[in-house]
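Here are the chains, one letter per residue:
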Amino acid sequence: MKKAMFIWNPSSGKEKAADYKDFAEKTLTEMGYDADTRETTGPGDATHFAEEACEKRYDLVVAMGGDGTINEAVSGLAEKEHEPLFGLVPLGTVNDFARALGISLNPEEAIEGLKTGREKRVDIGKVGDQYFMNILAIGEIAESTYEVEPEQKTKLGAFAYFVEGVKAVASDEVTTFVIEHDHGTWEGEAKLVLVALTNSVGGFEKLAPEALTDDGLLHLYIVENAALPAFVRMATALVRGKFEEDPAVEAIHTTRVSIRTSEPLSCNIDGDEGSTTPFDIEIMPRHIRAVVPGETD
Ligand SMILES: Nc1ncnc2c1ncn2[C@@H]1O[C@H](COP(=O)(O)OP(=O)(O)OP(=O)(O)O)[C@@H](O)[C@H]1O
């Protein structure tokens with residue numbers, strides 16, 4: 001009998017998560033799987049469960065939760081000898097990976113979609129011993145998001161980030177970056193460096209509109225240090241989906257990026273704090289066997 005592991009985070013998606021869990025178990029059984037359900041209790045669980053599924057040669061791993069849970073499950077599947085199929089059921093607030101893969105943001109539809117979906121091999125990124133599916137951000141603007149207090153986040157939402165971002169843009173502090181990539185070396189002062197894998201970043205689909213989940217490329221954007229009006233222009237370009245055409249933005253498509261900075265800076269990986277510079281980022285092309293909507297080729 002085919003074996004599936006269903007990993008779910010009960011803290012995501014509020015009180016309906018348990019109902020979706022029951023529906024997912026029923027669906028996997030109907031699909032002919034022996035379904036083994038695992039509930040996460042805290043950070044790291046989803047990774048350990050997915051690792052176990054690889055060791056025990058499961059056919060399918062399905063993770064249900066927000067982007068944090070999905071990142072943890074994919075990290076457990078990465079670089080293993082046995083590669084189960086990976087299905088995801090989005091239950092978070094942003095759900096970038098599901099958006100990029102065209103998976104329904106309605107959990108019931110996403111679960112139903114496992115029945116009719118097809119396999120698609122998709123890229124992930126690697127930095128040190130961490131993996132990412134959507135975006136790595138580094139620079140004063142990225143660092144400033146850590147300064148947003150939790151209660152400020154709840155009260156003001158995106159506006160709190162915006163205020164911190166403007167403060168970072170307006171500050172005199174500048175960081176010098178040395179960035180090596182496939183086509184050469186970029187050296188200079190930058191406010192923000194972004195490495196995107198997909199076209200959905202923070203639920204916003206216009207930062208890297210051309211980034212495909214299986215193009216084998218890191219989409220690198222270097223936002224140069226500039227005066228405030230340039231940032232206003234850049235924000236407008238971003239909203240219009242023309243970010244990479246802005247003169248203060250260097251856009252490079254590459255398979256590897258090495259980043260060194262004048263001061264150590266920590267990066268933000270898929271929304272959570274990650275490694276501190278210097279570090280190397282690489283693409284792992286078509287590494288994960290994701291289940292996505294659509295007919296099998
Ligand atoms: N039982 C649990 N209770 C609390 N936290 C948990 C539990 N299980 C896992 N976690 C942790 O919760 C973190 C956040 O989960 P996740 O990102 O999936 O949900 P979310 O915060 O609702 O989503 P989003 O970030 O999209 O709003 C994960 O990093 C995970 O380690």
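Residues numbered from 1 in each chain as written. Predicted model: local features only at pLDDT ≥ 70, side-chain atom pairs only at ≥ 80, totals over all residues. Heavy atoms only, no water.

- Per an unreviewed UniProt entry, the protein is named Diacylglycerol kinase, and its organism is Planococcus rifietoensis.
- Heading Cofactor (unreviewed entry) of the UniProt record for the protein holds this comment: "Mg(2+)".
- In its Sequence similarities (unreviewed entry) section, the UniProt record describing the protein reads: "Belongs to the diacylglycerol/lipid kinase family." (UniProt positions renumbered as here; feature names shortened; annotations may be inferred.)

**Quick word on the pattern of salt bridges**
Okay, so step 1: Scanning all chains against the criterion turns up 15 salt bridges.
Okay, so step 2: The partner of R38 in a salt bridge is D36, with the nearest N and O atoms 3.1 Å apart.
Okay, so step 3: Across the pair E83 and R121 runs a salt bridge, and its minimum N-O distance is 2.7 Å. Residue E83 is found in the loop between α3 (67–77) and β4 (85–90), and its partner R121 is found in strand β5 (residues 118–127); the two are separated by 38 residues along the sequence.
Okay, so step 4: Look at R121 and you get partly exposed, because its relative accessible area is 28%.
Okay, so step 5: The network of salt bridges with common partners includes D36, R38, E52 and K56. (Salt bridge = Lys/Arg side-chain N within 4 Å of Asp/Glu carboxyl O. Helix = DSSP H or I, 4+ residues; strand = E, 2+ residues; numbered from the N terminus. Buried < 20%, exposed > 50% of the residue type's maximum accessible area, 1.4 Å probe, protein only.)

**With respect to the site of the ligand**
Okay, so step 1: Neighbouring the ligand are 17 residues; T40, G66, T69, E72 and T93 lie closest to it.
Okay, so step 2: The contact in question runs from an oxygen atom of the ligand to an N or O atom on the backbone of G66, over 2.7 Å.
Okay, so step 3: Tallying contributions element by element places α3 first for the shell around the ligand, with four residues. (Near = heavy atom within 4 Å. Polar contact = N/O pair within 3.5 Å; in protein donor to acceptor, adjacent residues only side chain to side chain.)

**Remarks on empty space enclosed by the protein**
Okay, so step 1: The full count for this structure, using the stated rule, is one cavity of 30 Å³ or more.
Okay, so step 2: Approximately 60 Å³ is the volume attributed to the largest cavity.
Okay, so step 3: Lining the largest cavity are L77, E83, P84, F86, H287, I288 and R289.
Okay, so step 4: Split by residue class, the lining of the largest cavity holds four nonpolar, one polar and two charged. (1 Å grid on protein atoms, 1.4 Å probe; cavity = no way out; pocket = protein on both sides within 12 Å on 5 of 7 lines; lining within 4 Å. Points joined across faces, edges and corners; volume = space filled by probe spheres on them. Nonpolar A, V, L, I, M, F, W, Y, C, P; charged D, E, K, R; others polar.)

**Here we look at helix α1 (residues 17–30)**
Okay, so step 1: Along its 14 residues, α1 runs 20 Å from first to last C-alpha, staying within 8% of the 20 Å computed at 1.5 Å per residue.
Okay, so step 2: Each element contacted by the buried residues of α1 is listed here: β1 (2–8), β2 (33–39), β3 (60–65) and α5 (107–116).
Okay, so step 3: Looking at the residues trailing α1, positive phi occurs at G32, about 90°. (Expected span 1.5 Å × (residues − 1). Contact = heavy atoms within 4.5 Å.)

**Side note on the domain arrangement of the protein**
Okay, so step 1: The assigned domain composition of the protein is domain 1 (2–116) and domain 2 (132–286).
Okay, so step 2: Measuring from the centre of the C-alpha atoms in domain 1 to the corresponding centre in domain 2 gives 28 Å.
Okay, so step 3: Taken together, the contact pairs 10 residues of domain 1 with 13 residues of domain 2.
Okay, so step 4: If you sort the residues of domain 1 by the area they bury against domain 2, N71, D96 and A100 come out on top, with a joint share of 45%.
Okay, so step 5: In this assembly, domain 1 and domain 2 are joined by one salt bridge.
Okay, so step 6: Between R99 and E205 there is a salt bridge; the shortest N-O distance is 4.0 Å.
Okay, so step 7: At the boundary of domain 1 and domain 2, one finds two residue pairs in polar contact (both at pLDDT 80 or more).
Okay, so step 8: Elements represented by at least two residues in the side of domain 1 that touches domain 2 include exactly α3 and α4 (96–101).
Okay, so step 9: Top element by residues in the side of domain 1 that touches domain 2 is α4. It accounts for five residues.
Okay, so step 10: Taken together, the residues of the side of domain 1 that touches domain 2 break down into six nonpolar, one polar and three charged. (Domains from an automatic or database assignment. Buried area = accessible area lost by both parts, 1.4 Å probe.)

**Comments concerning unusual backbone geometry**
As a rule of thumb, non-glycine residues mostly have phi less than zero, and peptide bonds are mostly trans rather than cis.
Okay, so step 1: Look at the link from T277 to P278: it is a cis peptide, with omega at 0°.
Okay, so step 2: Tracing the backbone shows P278 in the loop between β14 (272–276) and β15 (279–292).
Okay, so step 3: Even without a glycine there, the phi angle at R57 is positive, about 55°.
Okay, so step 4: Looking at the secondary structure, you find R57 in the loop between α2 (45–55) and β3.
Okay, so step 5: A positive phi angle is found at N95, which is not glycine, with a value near 60°.
Okay, so step 6: For N95, the position within the fold is in the loop between β4 and α4.

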